[in-house]
Amino acid sequence: MDTQVFIPFRPNPPQHHARGVDHRNMADPKEKFFRYFQAEITSIQAQIDDLVTMSAIGGERQDCIDTVLAGISRLSNEVMDAGDYIPAYDQRTYAQAMKALTDKLNETTAKFAPKSRFQFKSKPSKPASRPEVQVDPRVRTSFSSVGSKHAPVPDAAKRDAEESAALSAKHYNEELEHQSGVRRPSFSNAKNIVIYDHSGLHIMLPSTASRATSSGSLTNLERCVVDMTAPSSAGTPFAGLALKNIKQSLIIAGHVAGPVHMTGLHNSIVVVAARQVRIHECKDVDVYLHCASHPIIEDCSGMRFAPLPELYASKLEIKGENQWDQVDDFKWLKSEPSPNWSILPEEKRIPEDVWKNSVCGGPTLSTDDILRRVGVLGERGS
(Lines give C-alpha, C1' and ligand atoms only; values in the text may rest on other atoms or scores of the structure.)
Protein backbone atom coordinates (compact mmCIF):
# COMPACT_ATOMS: atom_id res chain seq x y z
CA MET A 1 0.00 0.00 0.00
CA ASP A 2 1.37 3.42 -0.97
CA THR A 3 2.48 5.76 1.76
CA GLN A 4 0.36 8.87 1.98
CA VAL A 5 1.79 12.18 3.10
CA PHE A 6 -0.28 13.60 5.92
CA ILE A 7 -0.35 17.31 6.77
CA PRO A 8 -1.48 17.30 10.42
CA PHE A 9 -3.08 20.71 10.63
CA ARG A 10 -5.14 23.23 8.71
CA PRO A 11 -4.85 26.91 9.64
CA ASN A 12 -7.88 29.11 9.31
CA PRO A 13 -10.29 26.75 7.52
CA PRO A 14 -12.00 28.48 4.57
CA GLN A 15 -15.73 28.98 4.38
CA HIS A 16 -17.56 26.79 1.90
CA HIS A 17 -20.47 27.88 -0.24
CA ALA A 18 -22.85 26.25 -2.64
CA ARG A 19 -20.50 26.71 -5.59
CA GLY A 20 -17.25 25.87 -3.83
CA VAL A 21 -14.68 27.94 -1.97
CA ASP A 22 -15.25 31.67 -2.05
CA HIS A 23 -12.02 33.17 -3.36
CA ARG A 24 -12.75 36.40 -1.50
CA ASN A 25 -12.12 34.49 1.73
CA MET A 26 -8.70 33.43 0.53
CA ALA A 27 -6.99 36.76 1.19
CA ASP A 28 -5.32 35.39 4.33
CA PRO A 29 -1.79 34.53 3.11
CA LYS A 30 -1.42 31.71 5.68
CA GLU A 31 -4.55 29.96 4.37
CA LYS A 32 -3.62 30.53 0.75
CA PHE A 33 -0.12 29.18 1.31
CA PHE A 34 -1.56 26.14 3.07
CA ARG A 35 -3.77 25.34 0.08
CA TYR A 36 -0.82 25.90 -2.26
CA PHE A 37 1.42 23.66 -0.15
CA GLN A 38 -1.25 20.96 0.07
CA ALA A 39 -1.72 20.97 -3.72
CA GLU A 40 2.04 20.80 -4.30
CA ILE A 41 2.48 17.90 -1.87
CA THR A 42 -0.38 16.02 -3.53
CA SER A 43 1.04 16.65 -7.01
CA ILE A 44 4.57 15.54 -6.10
CA GLN A 45 3.23 12.45 -4.35
CA ALA A 46 1.27 11.54 -7.49
CA GLN A 47 4.45 11.87 -9.54
CA ILE A 48 6.28 9.54 -7.16
CA ASP A 49 3.43 7.02 -7.40
CA ASP A 50 3.69 7.19 -11.20
CA LEU A 51 7.39 6.22 -11.16
CA VAL A 52 6.61 2.52 -10.97
CA THR A 53 4.62 2.73 -14.23
CA MET A 54 7.36 4.51 -16.16
CA SER A 55 9.91 2.96 -18.44
CA ALA A 56 13.61 3.52 -17.92
CA ILE A 57 14.07 3.53 -21.69
CA GLY A 58 14.87 6.98 -23.02
CA GLY A 59 15.34 8.40 -19.54
CA GLU A 60 11.62 8.87 -18.85
CA ARG A 61 11.84 7.66 -15.27
CA GLN A 62 14.90 9.79 -14.57
CA ASP A 63 13.16 12.86 -16.01
CA CYS A 64 10.31 12.31 -13.57
CA ILE A 65 12.75 11.89 -10.66
CA ASP A 66 14.46 15.13 -11.67
CA THR A 67 11.09 16.86 -11.73
CA VAL A 68 10.28 15.57 -8.24
CA LEU A 69 13.67 16.67 -6.93
CA ALA A 70 13.17 20.14 -8.38
CA GLY A 71 9.67 20.32 -6.91
CA ILE A 72 10.87 19.37 -3.43
CA SER A 73 13.72 21.89 -3.59
CA ARG A 74 11.45 24.67 -4.83
CA LEU A 75 8.79 23.96 -2.22
CA SER A 76 11.44 23.96 0.51
CA ASN A 77 12.59 27.41 -0.57
CA GLU A 78 9.02 28.66 -0.66
CA VAL A 79 8.42 27.47 2.90
CA MET A 80 11.44 29.44 3.99
CA ASP A 81 10.32 32.50 2.01
CA ALA A 82 6.92 32.32 3.71
CA GLY A 83 8.56 32.57 7.13
CA ASP A 84 7.54 36.23 7.41
CA TYR A 85 3.90 35.32 7.96
CA ILE A 86 3.93 31.62 8.95
CA PRO A 87 4.57 30.82 12.64
CA ALA A 88 7.61 28.73 13.52
CA TYR A 89 5.47 25.80 14.63
CA ASP A 90 3.65 25.70 11.29
CA GLN A 91 6.97 25.88 9.46
CA ARG A 92 8.19 22.82 11.35
CA THR A 93 4.98 21.00 10.49
CA TYR A 94 5.40 21.84 6.81
CA ALA A 95 8.96 20.52 7.00
CA GLN A 96 7.80 17.29 8.62
CA ALA A 97 5.32 16.76 5.77
CA MET A 98 8.08 17.33 3.23
CA LYS A 99 10.39 14.94 5.05
CA ALA A 100 7.69 12.28 4.81
CA LEU A 101 7.43 12.99 1.09
CA THR A 102 11.17 12.68 0.65
CA ASP A 103 11.20 9.41 2.59
CA LYS A 104 8.55 8.15 0.17
CA LEU A 105 10.77 9.10 -2.78
CA ASN A 106 13.73 7.37 -1.12
CA GLU A 107 11.75 4.17 -0.69
CA THR A 108 10.39 4.25 -4.24
CA THR A 109 13.67 4.95 -6.02
CA ALA A 110 15.51 2.40 -3.88
CA LYS A 111 13.39 -0.28 -5.58
CA PHE A 112 14.95 0.64 -8.92
CA ALA A 113 18.55 0.40 -7.66
CA PRO A 114 20.53 -2.40 -9.31
CA LYS A 115 21.91 -4.98 -6.91
CA SER A 116 25.59 -4.39 -6.33
CA ARG A 117 28.16 -7.13 -6.75
CA PHE A 118 29.92 -5.86 -3.68
CA GLN A 119 28.61 -5.63 -0.16
CA PHE A 120 29.98 -3.51 2.62
CA LYS A 121 30.03 -4.91 6.11
CA SER A 122 28.51 -2.78 8.82
CA LYS A 123 30.67 -1.76 11.71
CA PRO A 124 30.06 -3.93 14.81
CA SER A 125 29.05 -0.91 16.86
CA LYS A 126 26.21 -0.01 14.54
CA PRO A 127 22.97 -2.02 14.15
CA ALA A 128 22.34 -3.37 10.65
CA SER A 129 18.98 -1.70 10.27
CA ARG A 130 19.11 -0.67 6.60
CA PRO A 131 21.25 -1.45 3.57
CA GLU A 132 23.15 1.51 2.23
CA VAL A 133 22.19 2.85 -1.18
CA GLN A 134 23.87 5.15 -3.64
CA VAL A 135 22.56 8.67 -3.25
CA ASP A 136 22.02 11.64 -5.49
CA PRO A 137 24.53 14.38 -4.54
CA ARG A 138 22.15 17.03 -5.85
CA VAL A 139 19.88 16.61 -2.84
CA ARG A 140 20.95 18.53 0.25
CA THR A 141 19.48 18.97 3.69
CA SER A 142 17.58 21.99 2.48
CA PHE A 143 14.89 21.77 5.15
CA SER A 144 17.18 22.16 8.14
CA SER A 145 16.38 25.85 8.47
CA VAL A 146 12.70 25.07 8.99
CA GLY A 147 13.15 22.37 11.58
CA SER A 148 14.01 19.08 9.86
CA LYS A 149 16.38 17.27 7.53
CA HIS A 150 15.76 14.72 4.84
CA ALA A 151 17.94 11.93 3.58
CA PRO A 152 19.51 12.20 0.11
CA VAL A 153 17.65 10.57 -2.76
CA PRO A 154 19.28 7.71 -4.65
CA ASP A 155 20.22 8.24 -8.29
CA ALA A 156 19.74 4.63 -9.32
CA ALA A 157 17.27 5.29 -12.12
CA LYS A 158 19.80 7.34 -14.07
CA ARG A 159 22.10 4.37 -14.60
CA ASP A 160 19.10 2.19 -15.24
CA ALA A 161 17.84 4.60 -17.90
CA GLU A 162 21.24 4.88 -19.60
CA GLU A 163 21.66 1.11 -19.75
CA SER A 164 18.13 0.56 -21.05
CA ALA A 165 18.06 3.34 -23.64
CA ALA A 166 19.90 1.18 -26.15
CA LEU A 167 17.14 -1.44 -25.98
CA SER A 168 14.58 0.82 -27.62
CA ALA A 169 13.28 -0.97 -30.74
CA LYS A 170 12.39 2.16 -32.71
CA HIS A 171 13.21 5.83 -32.35
CA TYR A 172 9.75 7.11 -33.09
CA ASN A 173 10.55 10.72 -32.36
CA GLU A 174 13.49 10.81 -34.78
CA GLU A 175 11.44 9.12 -37.50
CA LEU A 176 8.96 12.00 -37.53
CA GLU A 177 11.46 14.19 -39.37
CA HIS A 178 11.79 11.64 -42.18
CA GLN A 179 8.07 11.30 -42.83
CA SER A 180 5.87 13.59 -44.93
CA GLY A 181 2.34 14.92 -44.61
CA VAL A 182 0.48 14.16 -41.41
CA ARG A 183 2.79 12.14 -39.17
CA ARG A 184 1.22 9.06 -37.59
CA PRO A 185 3.88 7.37 -35.44
CA SER A 186 2.62 4.03 -34.13
CA PHE A 187 4.57 3.92 -30.83
CA SER A 188 3.54 0.26 -30.91
CA ASN A 189 6.76 -0.95 -29.27
CA ALA A 190 7.01 1.86 -26.73
CA LYS A 191 5.69 2.22 -23.21
CA ASN A 192 5.39 6.00 -23.28
CA ILE A 193 4.94 8.87 -25.71
CA VAL A 194 7.95 11.16 -26.04
CA ILE A 195 7.92 13.87 -28.73
CA TYR A 196 10.45 16.70 -28.76
CA ASP A 197 12.45 19.18 -30.85
CA HIS A 198 10.13 19.68 -33.83
CA SER A 199 8.87 22.63 -35.83
CA GLY A 200 6.04 22.87 -38.35
CA LEU A 201 4.78 19.27 -38.02
CA HIS A 202 1.25 17.89 -37.88
CA ILE A 203 1.27 14.79 -35.68
CA MET A 204 -1.76 12.55 -35.12
CA LEU A 205 -1.22 9.53 -32.90
CA PRO A 206 -3.11 6.44 -34.08
CA SER A 207 -4.90 3.99 -31.80
CA THR A 208 -1.82 1.70 -31.78
CA ALA A 209 -0.16 4.26 -29.52
CA SER A 210 -2.57 3.25 -26.75
CA ARG A 211 0.09 0.74 -25.69
CA ALA A 212 2.35 3.66 -24.79
CA THR A 213 0.11 5.73 -22.52
CA SER A 214 1.94 5.05 -19.25
CA SER A 215 2.98 8.69 -19.58
CA GLY A 216 3.41 11.40 -22.18
CA SER A 217 5.94 14.17 -22.75
CA LEU A 218 5.91 16.93 -25.38
CA THR A 219 8.93 19.27 -25.30
CA ASN A 220 10.44 22.00 -27.46
CA LEU A 221 7.77 22.27 -30.14
CA GLU A 222 7.04 25.28 -32.35
CA ARG A 223 4.25 25.81 -34.91
CA CYS A 224 3.08 22.23 -34.48
CA VAL A 225 -0.30 20.51 -34.32
CA VAL A 226 -0.33 17.41 -32.09
CA ASP A 227 -3.47 15.29 -31.63
CA MET A 228 -3.28 12.52 -29.01
CA THR A 229 -7.01 11.84 -28.79
CA ALA A 230 -7.08 8.35 -30.33
CA PRO A 231 -4.66 6.51 -28.00
CA SER A 232 -6.04 8.12 -24.84
CA SER A 233 -9.66 7.22 -25.58
CA ALA A 234 -11.26 3.77 -25.34
CA GLY A 235 -10.25 3.36 -21.70
CA THR A 236 -6.50 3.98 -22.10
CA PRO A 237 -5.83 7.47 -20.70
CA PHE A 238 -2.35 8.75 -20.04
CA ALA A 239 -1.20 8.23 -16.45
CA GLY A 240 0.46 11.66 -16.56
CA LEU A 241 1.45 14.28 -19.11
CA ALA A 242 4.14 16.97 -19.26
CA LEU A 243 4.09 19.83 -21.79
CA LYS A 244 7.18 22.02 -21.80
CA ASN A 245 8.61 24.83 -23.94
CA ILE A 246 5.93 24.90 -26.63
CA LYS A 247 5.29 27.93 -28.86
CA GLN A 248 2.58 28.78 -31.41
CA SER A 249 1.13 25.28 -31.36
CA LEU A 250 -2.14 23.41 -30.95
CA ILE A 251 -1.94 20.48 -28.54
CA ILE A 252 -4.95 18.18 -28.28
CA ALA A 253 -3.74 16.10 -25.37
CA GLY A 254 -6.72 13.78 -24.95
CA HIS A 255 -7.53 12.15 -21.61
CA VAL A 256 -5.09 12.11 -18.67
CA ALA A 257 -6.04 10.08 -15.61
CA GLY A 258 -3.48 11.84 -13.43
CA PRO A 259 -1.75 15.23 -13.41
CA VAL A 260 -0.90 17.47 -16.35
CA HIS A 261 2.05 19.84 -16.00
CA MET A 262 2.44 22.73 -18.45
CA THR A 263 5.63 24.78 -18.28
CA GLY A 264 6.86 27.50 -20.60
CA LEU A 265 4.02 27.50 -23.14
CA HIS A 266 3.50 30.64 -25.25
CA ASN A 267 0.86 31.67 -27.80
CA SER A 268 -0.67 28.21 -27.93
CA ILE A 269 -3.91 26.26 -27.46
CA VAL A 270 -4.24 23.16 -25.29
CA VAL A 271 -7.22 20.79 -25.19
CA VAL A 272 -7.17 18.28 -22.35
CA ALA A 273 -9.27 16.35 -19.84
CA ALA A 274 -7.39 15.59 -16.62
CA ARG A 275 -7.68 14.95 -12.92
CA GLN A 276 -5.29 17.79 -12.06
CA VAL A 277 -3.71 20.62 -14.07
CA ARG A 278 -0.69 22.66 -13.00
CA ILE A 279 0.47 25.54 -15.22
CA HIS A 280 3.80 27.31 -14.72
CA GLU A 281 5.42 30.23 -16.53
CA CYS A 282 2.98 30.28 -19.43
CA LYS A 283 1.82 33.28 -21.43
CA ASP A 284 -1.10 33.83 -23.82
CA VAL A 285 -2.39 30.26 -23.76
CA ASP A 286 -6.00 29.18 -24.29
CA VAL A 287 -6.90 26.02 -22.37
CA TYR A 288 -10.02 24.04 -23.34
CA LEU A 289 -10.40 21.95 -20.25
CA HIS A 290 -12.22 19.33 -18.27
CA CYS A 291 -10.63 19.14 -14.82
CA ALA A 292 -11.74 17.20 -11.74
CA SER A 293 -10.01 19.71 -9.43
CA HIS A 294 -9.16 23.40 -9.40
CA PRO A 295 -6.65 24.23 -12.16
CA ILE A 296 -3.60 25.95 -10.70
CA ILE A 297 -1.46 28.62 -12.37
CA GLU A 298 1.82 30.17 -11.20
CA ASP A 299 3.88 32.94 -12.81
CA CYS A 300 1.49 33.07 -15.77
CA SER A 301 -0.21 35.85 -17.73
CA GLY A 302 -2.83 36.05 -20.46
CA MET A 303 -4.28 32.64 -19.64
CA ARG A 304 -7.83 31.98 -20.91
CA PHE A 305 -9.99 28.99 -20.03
CA ALA A 306 -12.97 27.35 -21.71
CA PRO A 307 -14.79 24.02 -21.29
CA LEU A 308 -13.78 21.02 -23.35
CA PRO A 309 -15.25 21.16 -26.90
CA GLU A 310 -18.21 18.83 -27.35
CA LEU A 311 -16.39 16.84 -30.04
CA TYR A 312 -13.63 15.77 -27.65
CA ALA A 313 -15.90 15.41 -24.63
CA SER A 314 -17.86 12.82 -26.65
CA LYS A 315 -14.80 11.03 -28.03
CA LEU A 316 -13.17 10.73 -24.62
CA GLU A 317 -16.43 9.88 -22.83
CA ILE A 318 -15.61 12.34 -20.06
CA LYS A 319 -17.86 12.28 -17.02
CA GLY A 320 -17.92 13.91 -13.60
CA GLU A 321 -17.76 17.45 -12.30
CA ASN A 322 -15.85 19.95 -14.43
CA GLN A 323 -14.03 22.69 -12.50
CA TRP A 324 -12.45 24.28 -15.57
CA ASP A 325 -13.37 27.82 -14.42
CA GLN A 326 -12.31 27.45 -10.74
CA VAL A 327 -8.73 28.56 -11.38
CA ASP A 328 -6.38 29.25 -8.47
CA ASP A 329 -3.47 31.64 -9.02
CA PHE A 330 -1.05 30.81 -6.22
CA LYS A 331 1.16 33.81 -6.93
CA TRP A 332 -1.75 36.25 -6.51
CA LEU A 333 -2.47 36.84 -2.82
CA LYS A 334 -4.69 39.90 -3.12
CA SER A 335 -8.42 39.74 -2.47
CA GLU A 336 -9.42 41.00 -5.92
CA PRO A 337 -9.50 38.54 -8.87
CA SER A 338 -6.22 37.62 -10.49
CA PRO A 339 -5.47 39.56 -13.68
CA ASN A 340 -3.47 36.64 -15.02
CA TRP A 341 -6.38 34.52 -16.20
CA SER A 342 -9.90 34.93 -17.54
CA ILE A 343 -12.76 32.94 -19.03
CA LEU A 344 -12.54 32.79 -22.81
CA PRO A 345 -15.70 34.52 -24.15
CA GLU A 346 -18.01 32.22 -26.07
CA GLU A 347 -17.82 34.34 -29.21
CA LYS A 348 -14.03 33.92 -29.24
CA ARG A 349 -14.02 30.16 -28.74
CA ILE A 350 -13.18 27.91 -31.68
CA PRO A 351 -16.43 26.81 -33.39
CA GLU A 352 -17.33 23.12 -33.41
CA ASP A 353 -17.18 22.95 -37.20
CA VAL A 354 -13.52 24.05 -37.10
CA TRP A 355 -12.70 21.28 -34.65
CA LYS A 356 -14.50 18.74 -36.83
CA ASN A 357 -13.50 19.85 -40.33
CA SER A 358 -10.18 21.68 -40.06
CA VAL A 359 -8.19 20.47 -37.08
CA CYS A 360 -8.06 16.88 -38.36
CA GLY A 361 -6.23 18.20 -41.42
CA GLY A 362 -6.45 17.15 -45.04
CA PRO A 363 -4.63 17.25 -48.38
CA THR A 364 -5.36 20.95 -48.81
CA LEU A 365 -4.55 22.11 -45.27
CA SER A 366 -1.01 22.63 -44.08
CA THR A 367 0.00 22.85 -40.44
CA ASP A 368 0.10 26.64 -40.67
CA ASP A 369 -3.37 26.63 -42.27
CA ILE A 370 -4.77 24.77 -39.25
CA LEU A 371 -2.99 27.09 -36.83
CA ARG A 372 -4.49 30.08 -38.64
CA ARG A 373 -7.99 28.53 -38.53
CA VAL A 374 -7.80 28.15 -34.73
CA GLY A 375 -6.23 31.59 -34.24
CA VAL A 376 -2.76 30.58 -33.07
CA LEU A 377 -1.13 32.40 -35.97
CA GLY A 378 -3.75 35.11 -35.99
CA GLU A 379 -5.04 37.23 -33.14
CA ARG A 380 -2.92 35.71 -30.36
CA GLY A 381 -0.08 34.32 -32.41
CA SER A 382 1.19 37.55 -33.91
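Residues numbered from 1 in each chain as written. Predicted model: local features only at pLDDT ≥ 70, side-chain atom pairs only at ≥ 80, totals over all residues. Heavy atoms only, no water.

Undergrad: What's the story with the overall build of the protein chain in this structure? I'm lost.
TA: Check the secondary structure of the protein chain and you find 9 helices and 13 strands. Taking as baseline every contact in the protein chain between residues at least 6 positions apart, the subset at least 24 positions apart corresponds to 53%. Here the protein chain displays about 19,000 Å² of accessible surface, and carbon together with sulfur accounts for 50% of that area. (Helix = DSSP H or I, 4+ residues; strand = E, 2+ residues; numbered from the N terminus. Contact = heavy atoms within 4.5 Å. Areas by Shrake-Rupley, 256 points an atom, 1.4 Å probe, with all protein chains shown as cover.)

Undergrad: Would you explain the state of the cysteines in this entry?
TA: A complete count under the given rule lists 0 disulfides for this structure. No disulfide involves Cys282; its sulfur sits 4.8 Å from that of Cys300, the nearest cysteine. Under the relative-accessibility criterion, Cys282 is labelled buried at 2%. (Disulfide = S-S within 2.5 Å. Buried < 20%, exposed > 50% of the residue type's maximum accessible area, 1.4 Å probe, protein only.)

Undergrad: Mind showing me how you'd approach the nonpolar core here?
TA: Nonpolar side chains in soluble globular proteins generally cluster together in the buried interior. One finds Met262, Ile279 and Phe305 to be the most contacted residues of the largest nonpolar core, which totals 43 residues. Ranked by residues supplied to this core, first place goes to strand S8 (residues 250–280) with 11 residues. Setting aside residues up to four positions removed in sequence, Ile279 forms contacts with Met262, Val287, Ile296, Ile297, Glu298, Cys300, Met303 and Phe305. One finds Ile48, Val79, Tyr94 and Phe330 within the second-largest nonpolar core, a separate group that totals 27 residues. (Core = buried A, V, L, I, M, F, W, Y, C linked by side-chain atoms within 4.5 Å.)

Undergrad: Help me understand the packing of aromatic side chains in this model?
TA: The description of two aromatic rings rests on the distance between their centres and on the angle between their planes. Here the structure, examined in full by the defined rule, presents 9 aromatic pairs. Connected via pairs of aromatic rings, a cluster forms that spans Phe33, Tyr36, Phe37, Tyr94 and Phe330. (Phe/Tyr/Trp six-rings, centres within 6.5 Å; stacked < 30°, edge-to-face > 60°.)

Undergrad: Hey, could you run me through the pairing of S8 in this one?
TA: In terms of residue burial, S8 counts as a mostly covered element, since 25 of its 31 residues are buried. Alignment of strand S6 (residues 225–227) against S8, held across 3 bridges, turns out to be parallel. Across the sheet, Asp227 pairs through a bridge with Ile252, a residue of S8. Bridge count between strand S7 (residues 241–247) and S8: 6 bridges; the pairing is parallel. (Pairing = 2+ DSSP bridges.)

Undergrad: Help me understand the packing of helix H2 (residues 60–81) against helix H3 (residues 88–110) in this model?
TA: Each pair of packed helices can be described by the angle between their axes along with the distance between the axes. It is the contact of H2 with H3, at a shortest axis distance of 11 Å, that shows an interaxial angle of 170°. Relative to H3, the element H2 is oriented roughly antiparallel. Of the residues in H3, those in contact with Ile65, Val68, Leu69, Ile72, Leu75, Ser76 and Val79 of H2 are Gln91, Tyr94, Met98, Leu101, Thr102, Leu105 and Thr109. Per-class residue counts for the contact of H2 with H3 are 10 nonpolar, 4 polar and no charged. (Axes fitted to C-alpha atoms, helices over the stretch in contact; angles between N-to-C directions. Parallel < 35°, antiparallel > 145°, perpendicular 65-115°, else oblique. Nonpolar A, V, L, I, M, F, W, Y, C, P; charged D, E, K, R; others polar.)

Undergrad: Help me understand the pattern of salt bridges, please; the structure alone is not making it clear to me.
TA: With the rule as written, the count across this model stands at 9 salt bridges. Among the salt bridges present, the one from Asp299 reaches Lys331, with a minimum N-O distance of 3.2 Å. Here Asp299 is found in the loop between strand S10 (296–298) and strand S11 (303–307), whereas its partner Lys331 is found in the loop between strand S12 (328–329) and strand S13 (341–343), with 32 residues between them in sequence. Asp299 sits in the partly exposed class, given a relative accessible area of 46%. Salt bridges linked by common partners bring Glu40, Arg278 and Glu298 together as one network. (Salt bridge = Lys/Arg side-chain N within 4 Å of Asp/Glu carboxyl O.)

Undergrad: Is there a simple way to explain the pairing of strand S5 (residues 216–222) in this structure?
TA: Taken residue by residue, a regular strand's side chains alternate between the two faces of the sheet. With 6 bridges joining them, strand S3 (residues 193–199) and S5 adopt parallel strand pairing. By the bridge assignment for S5, His198 is matched with Leu221. Bridging between S5 and S7 involves 6 bridges; their strand directions are parallel. Residue pairing across strands places Gly216 opposite Leu241, the latter belonging to S7.

Undergrad: In this structure, what is going on with the confidence of the model for the protein chain? I would like to understand it.
TA: Of the residues in the protein chain, 75% have a pLDDT of 70 or more, and the chain-wide mean is 77. Low confidence marks residues 135–154, where pLDDT is under 50. Its contacts with residues over four positions away, or in another chain, come to 56 contacts. Scored below 50 in pLDDT, residues 157–170 makes 19 contacts in the model with residues more than four places away or belonging to other chains. (pLDDT = per-residue confidence, 0-100.)

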